[in-house]
There are 2 protein chains.
Amino acid sequence: MPGEFDFISWIRSQQSASKSVLLPAGDDLAILKWSPDDLLLVGVDQVLDGVHFDSSVHAPRAIGRKAMNRNLSDCAAMAALPAAALVSIAAPHGIGQEYLQELYLGIKEAGDKFNCPIIGGDTASWPNKLAATVTILARSAGVTPVTRSGAKPGDVIYVTGPLGGSILGRHMTFEPKIELARRLAQTYPITSMIDLSDGLSRDLQQICRESNVSALLNLVPVHEEIEMRRDGHSPLEHALHDGEDYELLFTSPDLIPTDLAIRIGQIGLEPPAISRTVPRVWIQGPSGQSVPLEPKAWEHPL
Amino acid sequence: MPGEFDFISWIRSQQSASKSVLLPAGDDLAILKWSPDDLLLVGVDQVLDGVHFDSSVHAPRAIGRKAMNRNLSDCAAMAALPAAALVSIAAPHGIGQEYLQELYLGIKEAGDKFNCPIIGGDTASWPNKLAATVTILARSAGVTPVTRSGAKPGDVIYVTGPLGGSILGRHMTFEPKIELARRLAQTYPITSMIDLSDGLSRDLQQICRESNVSALLNLVPVHEEIEMRRDGHSPLEHALHDGEDYELLFTSPDLIPTDLAIRIGQIGLEPPAISRTVPRVWIQGPSGQSVPLEPKAWEHPL
């Protein structure tokens, strides 16, 4: 029966060259020569069967693409350029080489769009569900990384697209907004940025906490796909709390052209009271009053 | 109920400082300033419940230590110095904060011994078993990395300790041999090196394949714990095929002092026939003849 080592041989036959990679996958560790001009950014993100995808519905190629694209979206959130990735797979017993190759090709396909080769990994099988973990290395490449902690009183809050209803399909098919993020960060003073993975209400709260500011939302663009849903939640509720939009949420003191981003609110002028009980994120209600917006989305109970 | 975000807050309260880490865990990606004198080495390795540990037997602290130590052992195998790690955890629903904190503290404890801070990660829960994936970044720090591909005809083959029976306990408690690896690589011409995770027969085959050489074993040191086993396999078979010893296997043209490593064989003087069917690894039988040694260990069927 073909096993782990045959799969590793096959992976090595698929590797793309990269001038900064001195030794690719196949040894104990990969070796890179990092440019002294570049900051090194690094992160890890996993996709789990039944949580981030459903293996009874989604094809392995699509699962692979999502596993990589989530990490590429983290690069976008920092305005960084992807450099290389590592892939760790926990595969159900008997899943077969062909399935794993499709999964790998999905990961590679998504990476190739950004010249991001797979330089290492780990594969093991177990009598459980599929989990795929991608580690991403990225470089600053001439753009200072944008963190979550720089939002300032009075900054305008933007998103790069309409929100909500990603679960209907876009959570598997989104494209990481790396070029847009880098263009924004090169052209305008972007004070903070995050990619919307946990939902607007929660991700905006992250920016507010890290920047020690409050925020008031007044115009949240609702994705057209939501309108059709019949689950008791309003389209606005979906746009505020649904996860996995993978649009960029950012702040800037400047006016950003409407073809690049949508203005959704403003950072509060007064510094917020430092307390976990005082809400940081507010939304303008139907009659103009500000009401606290509780973060509701996608927190995993442990 | 405490969730993922409380766990992340707790993790951030545990972080150790490191001068090369400009931005630790808590943003989309961590940011490091990499020294231009250093090569960047990177790898990933996972531990799965029921495969690499048994959550009904092993404490979370011990599981965490193993998850990190497997990656630190990969650093040893390249003679590299650990620099930083990222941790991705797929946690069973309802596992509880305390369990995850213990797991994390085990990972941190193992990293702290080598000044290797945890700089990022991802936690999600699912209705399945525990999986912990560690990504390691390491630096060359003045020692040229030792790969698997440099073994030369006539080199002597060494291991750093007796082998076999790791499953009786050592697979959870081993210490990564980073100092020894770097001392060896700084002092002697080490032509190839690997850490013994898949078993001597298989890992030596890896070196032979990557270096395009053959090997003859004549004296394999058997760990004393094996002698007590009653499973139909001889102690020598255990020493040859058991996985997870995490001793170093390396080659050198020089004689290495016996207090540093044990001589177990020699790389063949003739280049091997290039064929998958001709065995690369041989062992001296009881009456002095060479017999092929089939790799048997720990390959995961997929």
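Residues numbered from 1 in each chain as written. Chains lettered and ligands numbered in written order. Predicted model: local features only at pLDDT ≥ 70, side-chain atom pairs only at ≥ 80, totals over all residues. Heavy atoms only, no water.

> I tried to follow the interface of chain B and chain A on my own but got confused; where do I start?
By a widely used convention, the size of an interface equals the accessible area lost when the partners come together. With 79 residues of chain B at the interface, the matching set in chain A holds 80 residues. Roughly 6,500 Å² is buried in total at the junction of chain B and chain A, and carbon and sulfur atoms are behind 60% of that figure. Summed over the shared surface of chain B and chain A, the result is 6 salt bridges. For aspartate 28 of chain A, the salt bridge goes to arginine 148 of chain B, with nearest N and O atoms at 3.0 Å. With 8 residues, strand E3 (residues 40-48) of chain B is the single largest residue contributor to the side of chain B that touches chain A. Looking at the side of chain B that touches chain A, its residues break down into 42 nonpolar, 18 polar and 19 charged. In terms of strand pairing, strand E2 (residues 30-32) of chain A meets E3 of chain B through 3 bridges, oriented antiparallel. Pairing of alanine 30 of chain A across the sheet is with valine 42 of chain B, part of E3 of chain B. (Contact = heavy atoms within 4.5 Å. Buried area = accessible area lost by both parts, 1.4 Å probe. Salt bridge = Lys/Arg side-chain N within 4 Å of Asp/Glu carboxyl O. Helix = DSSP H or I, 4+ residues; strand = E, 2+ residues; numbered from the N terminus. Nonpolar A, V, L, I, M, F, W, Y, C, P; charged D, E, K, R; others polar. Pairing = 2+ DSSP bridges.)

> What am I meant to see in the sheet that holds strand E6 (residues 131-139) of chain A here?
Note: strands within a sheet are paired through backbone hydrogen bonds, in either parallel or antiparallel orientation. With respect to topology, 6 strands assemble into an open sheet ordered E5(A)-E4(A)-E6(A)-E3(A)-E2(B)-E1(B), the strand pairing being mixed. If you trace the sheet from one side to the other, it starts and ends with strand E5 (118-126) of chain A together with strand E1 (21-23) of chain B, each paired once. Strand-to-strand twist of the sheet, defined as the mean angle between neighbouring strand axes without regard to direction, takes the value 20°. Relative to E6 of chain A, strand E3 (residues 40-48) of chain A runs antiparallel, the two sharing 9 bridges. Paired with leucine 41 of chain A across the bridge in E6 of chain A is alanine 138 of chain A. (Axes fitted to C-alpha atoms, helices over the stretch in contact; angles between N-to-C directions.)

> How should I be thinking about the pairing of strand E11 (residues 262-267) of chain B in this particular structure?
Two faces make up the sheet, and in a regular strand the side chains alternate between them. Residue and element names in this part refer to chain B. The pairing of strand E7 (residues 156-159) with E11 spans 4 bridges and is antiparallel. Within E11, the position partnered with valine 156 by the bridge is glutamine 266. Pairing between strand E9 (residues 215-217) and E11: 3 bridges, direction antiparallel. When the bridges of E11 are listed, leucine 216 appears paired with glutamine 266.

> Even after reading the chapter, I still don't get the environment of aspartate 28 of chain B, so can you show me in this structure?
Position of aspartate 28 of chain B relative to the elements: it lies in the loop between E1 and strand E2 (30-32). When near neighbours in sequence (up to four residues on either side) are disregarded, aspartate 28 of chain B contacts Asp74, Ala77, Met78, Arg148, Met193, Ile194 and Asp195 of chain A. Here the side chain of aspartate 28 of chain B touches arginine 148 of chain A through a polar contact of 3.1 Å, side chain to side chain. (Polar contact = N/O pair within 3.5 Å; in protein donor to acceptor, adjacent residues only side chain to side chain.)

> Help me understand the sheet that holds E11 of chain B in this model?
Residues and elements named next belong to chain B. What the 7 strands build is an open sheet, ordered E8-E10-E7-E11-E9-E12-E13; its pairing is mixed. Taken across any chain shown, the strands that pair with only one partner, and hence form the sheet edges, are strand E8 (192-195) and strand E13 (290-292). Mean inter-strand twist for the sheet, computed between neighbouring axes without regard to direction, equals 30°. The strands touched by helix H6 (residues 200-211) are E7, E8, E9, strand E10 (248-252), E11 and strand E12 (281-284); relative to E8, the strand with the most contacts, the crossing angle is about 150°.

> What is the right way to read the relation of the copies chain B and chain A from this model?
Both copies of the chain are related by one operation, a rotation about an axis with a shift along it. When chain B is brought onto chain A, the operation consists of a screw motion whose angular component is 180° and whose axial shift is 0.0 Å, with 0.0 Å RMSD remaining. What we have between these two chains is a two-fold relation. Judged by C-alpha distance, proline 36 of chain B is the residue of chain B that lies nearest the rotation axis, at 2.5 Å. A share of 100% of interface residues in chain B that are also interface residues in chain A marks the association as one of identical surfaces. (Least-squares fit on C-alpha atoms with pLDDT ≥ 70 in both.)

> Sorry if this is basic, but what is going on with the packing of aromatic side chains here?
One pair of aromatic rings is described through two measures. These are the centre distance and the angle between the planes. Residue and element names in this part refer to chain A. Counting across every chain of the model gives 9 aromatic pairs over all chains. Aromatic pair phenylalanine 7 and tryptophan 10: ring centres 6.0 Å apart, planes at 10°, arrangement stacked. On the criterion of helical spacing, the pair formed by phenylalanine 7 and tryptophan 10 is a turn pair, its members being 3 residues apart in helix H1 (residues 4-13). Judged by relative accessible area, which is 0%, phenylalanine 7 ranks as buried. (Phe/Tyr/Trp six-rings, centres within 6.5 Å; stacked < 30°, edge-to-face > 60°. Buried < 20%, exposed > 50% of the residue type's maximum accessible area, 1.4 Å probe, protein only.)

> Would you mind going over the packing of helix H2 (residues 60-78) of chain B against helix H3 (residues 97-112) of chain B with me for this structure?
Each pair of packed helices gets described by two things: the angle between the helix axes and the distance between those axes. All names here are of chain B. Running from amino to carboxyl end, H2 crosses H3 at an angle of 35°, the nearest separation of the two axes being 7 Å. The interaxial crossing formed by H2 with H3 has right-handed handedness. For the pair H2 and H3, the contacting residues are Pro60, Arg61, Ile63, Gly64, Arg65, Met68, Asn69 and Leu72 in the first and Tyr99, Glu102, Leu103, Leu105, Gly106, Ile107, Glu109, Ala110 and Gly111 in the second. (Left-handed = near helix turned anticlockwise from the far one by under 90°.)

> Would you mind going over empty space enclosed by the protein with me for this structure?
A water-sized probe, rolled over the atoms, reveals where empty space remains. In this structure the tally under the stated criterion is 2 cavities of 30 Å³ or more. Gln46, Ser88, Ala90, Ala131 and Thr133 of chain A together with Gln46, Leu48, Ala90, Ala131 and Thr133 of chain B together form the lining of the largest cavity. Mapped by element, the contributors of at least two residues to the lining of the largest cavity are strand E4 (81-92) and E6 of chain A together with E3 and strand E6 (131-139) of chain B. Of the residues belonging to the lining of the largest cavity, the class tally is 5 nonpolar, 5 polar and no charged. Here the second largest cavity is characterised by a volume of approximately 40 Å³. Contributing to the lining of the second largest cavity are Gln14, Gln15, Ser16, Tyr104, Lys108, Asp112, Cys116, Pro117 and Ile118 of chain B. Of all the elements, H3 of chain B adds the most residues to the lining of the second largest cavity, at 3 residues. When its residues are assigned to classes, the lining of the second largest cavity shows 4 nonpolar, 3 polar and 2 charged. (1 Å grid on protein atoms, 1.4 Å probe; cavity = no way out; pocket = protein on both sides within 12 Å on 5 of 7 lines; lining within 4 Å. Points joined across faces, edges and corners; volume = space filled by probe spheres on them.)

> Please explain the pairing of strand E7 (residues 156-159) of chain A as it appears in this structure.
Residue and element names in this part refer to chain A. Where burial is concerned, the two faces of E7 agree: the one with Val156 and Tyr158 and the one with Ile157 and Val159 are both buried. Bridging between E7 and strand E10 (residues 248-252) involves 4 bridges; their strand directions are antiparallel. In the strand pairing of E10, isoleucine 157 is matched with threonine 251.

> What exactly am I supposed to notice about H6 of chain B here?
Residues lying three or four places apart along an α-helix face the same way, a consequence of the helix completing one turn every 3.6 residues. Residues and elements named next belong to chain B. Taking 1.5 Å of rise per residue, 12 residues should cover 16 Å, and H6 covers 16 Å from first to last C-alpha, within 8% of that figure. Judged by how many residues are buried, H6 sits mostly within the fold: 10 of 12 residues are covered. When we look at burial in H6, the residues that qualify are Leu200, Ser201, Arg202, Asp203, Leu204, Gln205, Gln206, Ile207, Cys208 and Ser211. (Expected span 1.5 Å × (residues − 1).)

> Even after reading the chapter, I still don't get the pattern of salt bridges, so can you show me in this structure?
Proximity of charged atoms lets side chains of opposite charge pair with each other. Under the defined criterion, the tally for this structure stands at 30 salt bridges over all chains. Across the pair aspartate 45 of chain A and arginine 70 of chain A runs a salt bridge whose closest N-O atoms are separated by 2.9 Å. A residue pair is termed long-range when its members are at least 10 positions apart, and aspartate 45 of chain A in strand E3 and arginine 70 of chain A in helix H2 (residues 60-78) qualify at 25 residues. What makes aspartate 45 of chain A buried here is its relative accessible area of 11%. Note that arginine 12 of chain B is salt-bridged to glutamate 210 of chain A, the shortest N-O span being 2.7 Å. Of this pair, arginine 12 of chain B sits in helix H1 (residues 4-13) while glutamate 210 of chain A sits in helix H6 (residues 200-211), placing the two residues on different chains.

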